[in-house]
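What follows is the residue order along each chain.
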Amino acid sequence: MRILLPIVVIFLFITEPSFSQTPSYSGKTFVSKKIKSIEFLTDSTYKTDENSISYLRYKFKDDSLLVSNWQFEMYPGKALAFKVLKKTADTLSFVFVAGNGSRDTMEFVNIKKLIVPITDFEFFRVDGYGFQCLGRIIVKNDKTVYFAPDCCSGPLATSVKYRVTKLSDQQYQEFLDMLSKSFIFQLPEKRGTKKYDPTYFDFMGKINNRTIVSKGCDLSAIHYKLIEYLYQMVVKRY
């Protein structure tokens, strides 16, 4: 009995979430199942998909997460308070209770823990059209890149004139690495279109023996980074 009691105490200490010690989140990016992201800039500031231009302040106090706008200091009446459910180096979950009593539970995981390696790649295509007419990019497994810069109000036709270039081995590997970090397998087939002057980004691909089809204009910050990378990669070549 004397041996068993200390073991139980140690087990409870390990399994219970620790709120007395806060791991450093500085420089880490966490994402949710809905691909909403939190980019921790320091141990007191962060950015989100919805607030990507400026930053917010945060701090942990006991079992609460306090968040406020950057121009306000952290003090009662100026900060939103979330109840922390779990807080580890790679997982952060918390709940917000609205005035009507509804509970919104959010769980975020270190993006590095969710990266899916690309083991088989056939092709990846993106069409950018609508308010911004970015054209079509196709990357194939022979390292060939096809680019149709035609400005269009709708999806490009199947028969268009392409500009063709070739990636080096290093550039091709960089592209695959970027793709593996971009949560392409989590893209829904249909994405929202409720935007003023929307730009649509339609994805198609065959990767890891899976077919990817996703159409619409709503994208997370992570997917916008993929778009920016792809079109910058093409622009540099023409």
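Residues numbered from 1 in each chain as written. Predicted model: local features only at pLDDT ≥ 70, side-chain atom pairs only at ≥ 80, totals over all residues. Heavy atoms only, no water.

Peer 1: Sorry, what's going on with the packing of helix 2 (residues 169–180) against helix 3 (residues 221–235) here?
Peer 2: How two helices pack is summed up by the angle between their axes together with the distance between the axes. One can describe the packing of helix 2 onto helix 3 by two numbers: an axis separation of 10 Å at closest approach and a directional angle of 165°. When the interaxial angle is binned, helix 2 and helix 3 end up roughly antiparallel. Where helix 2 crosses over helix 3, the two elements pack in a sense that is left-handed. Judged by residue contacts, Gln 171, Glu 174, Phe 175, Met 178 and Leu 179 of helix 2 engage Lys 225, Leu 226, Tyr 229 and Leu 230 from helix 3. Looking at the contact of helix 2 with helix 3, its residues break down into six nonpolar, one polar and two charged. (Axes fitted to C-alpha atoms, helices over the stretch in contact; angles between N-to-C directions. Helix = DSSP H or I, 4+ residues; strand = E, 2+ residues; numbered from the N terminus. Parallel < 35°, antiparallel > 145°, perpendicular 65-115°, else oblique. Left-handed = near helix turned anticlockwise from the far one by under 90°. Contact = heavy atoms within 4.5 Å. Nonpolar A, V, L, I, M, F, W, Y, C, P; charged D, E, K, R; others polar.)

Peer 1: Which parts of the structure should I look at to understand the environment of Ile 207?
Peer 2: Here Ile 207 shows up in strand 13 (residues 199–207). For Ile 207, a relative accessible area of 0% translates into the label buried. For Ile 207 and Asp 120, which are 87 residues apart along the polypeptide, the C-alpha to C-alpha distance reads 5.8 Å. Among residues more than four places away in sequence, those in contact with Ile 207 are Ile 118, Asp 120, Phe 121, Phe 123, Phe 124, Leu 179, Ile 184, Phe 185 and Ile 212. (Buried < 20%, exposed > 50% of the residue type's maximum accessible area, 1.4 Å probe, protein only.)

Peer 1: I keep staring at helix 3 and nothing clicks. Help me out?
Peer 2: Structural remark: α-helix, 3.6 residues per turn; residues separated by three or four positions point the same way. With 15 residues, helix 3 extends 21 Å between its outermost C-alpha atoms, agreeing within 8% with the 21 Å of an ideal straight helix rising 1.5 Å per residue. Taken residue by residue, helix 3 has Ile 222, His 223, Leu 226, Ile 227, Leu 230, Tyr 231, Met 233 and Val 234 as its buried positions. On an axial view of helix 3, the arc spanned by its buried residues comes to 170°, and they lie on one face. (Expected span 1.5 Å × (residues − 1). Arc of directions from axis to C-beta.)

Peer 1: Mind showing me how you'd approach the pairing of strand 9 (residues 121–130) here?
Peer 2: Along any regular strand, the residues point their side chains to alternate faces of the sheet. Direction of pairing for strand 9 relative to strand 13: antiparallel, over a ladder of nine bridges. Across the sheet, the residue bridging to Gly 130 is Thr 199, located in strand 13. Here strand 9 hands over to strand 10 (residues 135–140) after four residues, the two strands then running antiparallel side by side. (Pairing = 2+ DSSP bridges.)

Peer 1: Explain the nonpolar core here, please?
Peer 2: Generally speaking, a soluble globular protein has its nonpolar side chains buried in company with each other. Among the nonpolar cores identified, the biggest contains 27 residues, and Phe 121 and Phe 124 are the most heavily contacted of them. Those elements that provide at least two residues to this core are strand 9, strand 10, strand 11 (144–148), helix 2, strand 13 and helix 3. Looking at which element gives the most residues to this core, the answer is helix 3, with six residues. Leaving out residues up to four positions away in the same chain, Phe 121 has contacts with Val 139, Lys 140, Asn 141, Tyr 172, Phe 175, Leu 176, Leu 179, Lys 206 and Ile 207. Among the nonpolar cores identified, the runner-up in size contains 15 residues, and Tyr 25, Phe 40, Tyr 58 and Phe 60 belong to it. (Core = buried A, V, L, I, M, F, W, Y, C linked by side-chain atoms within 4.5 Å.)

Peer 1: Sorry if this is basic, but what is going on with the sheet that holds strand 13 here?
Peer 2: By way of backbone hydrogen bonds, the strands of a sheet pair with one another, either parallel or antiparallel. Judged by pairing direction, the sheet is antiparallel, and its six strands sit side by side in the order 12-11-10-9-13-14 without closing on themselves. On the outer flanks of this sheet lie strand 12 (163–166) and strand 14 (210–214), each paired with one strand and no other. Strand-to-strand, the axes of this sheet are offset by a mean angle of 10°, without reference to chain direction. Two elements, strand 9 and strand 10, share six bridges in a ladder whose sense is antiparallel. Note that in strand 10 the partner of Arg 125 across the bridge is Ile 138. Running over the sheet, helix 3 touches strand 9, strand 10, strand 11 and strand 13 and is turned about 95° from strand 9.

Peer 1: So what exactly am I meant to see when it comes to the side chain of Ser 32 here?
Peer 2: On the secondary structure map, Ser 32 appears in the loop between strand 1 (29–31) and strand 2 (37–40). When its relative accessible area of 13% is taken as the criterion, Ser 32 is described as buried. Among all residues touching Ser 32, those that are not within four sequence positions of it are Glu 107 and Phe 108.

Peer 1: I would appreciate a short explanation of the packing of aromatic side chains in the present structure.
Peer 2: Any aromatic ring pair is given by two values, namely how distant the centres are and how the planes are angled relative to each other. As enumerated under the stated definition, the model contains 17 aromatic pairs in all. Aromatic pair Phe 82 and Phe 96: ring centres 5.3 Å apart, planes at 50°, arrangement tilted. Of this pair, Phe 82 sits in strand 6 (residues 80–87) while Phe 96 sits in strand 7 (residues 91–97), and the two are 14 residues apart along the sequence. Overall, Phe 82 belongs to the buried group, its relative accessible area being 12%. (Phe/Tyr/Trp six-rings, centres within 6.5 Å; stacked < 30°, edge-to-face > 60°.)

Peer 1: Looking at this structure, I do not really get the pattern of salt bridges. What am I missing?
Peer 2: Between side chains of opposite charge, pairing is possible as soon as their charged atoms come close. In this structure the tally under the stated criterion is six salt bridges. With its nearest N and O atoms 3.8 Å apart, the salt bridge here joins Lys 113 to Asp 90. Within this pair, whereas Lys 113 is found in the loop between strand 8 (103–110) and strand 9, its partner Asp 90 is found in the loop between strand 6 and strand 7, the two being separated by 23 residues in sequence. For Lys 113, a relative accessible area of 55% puts it in the exposed group. Via salt bridges that share partners, Arg 125, Asp 127 and Arg 136 belong to a single interconnected network. (Salt bridge = Lys/Arg side-chain N within 4 Å of Asp/Glu carboxyl O.)

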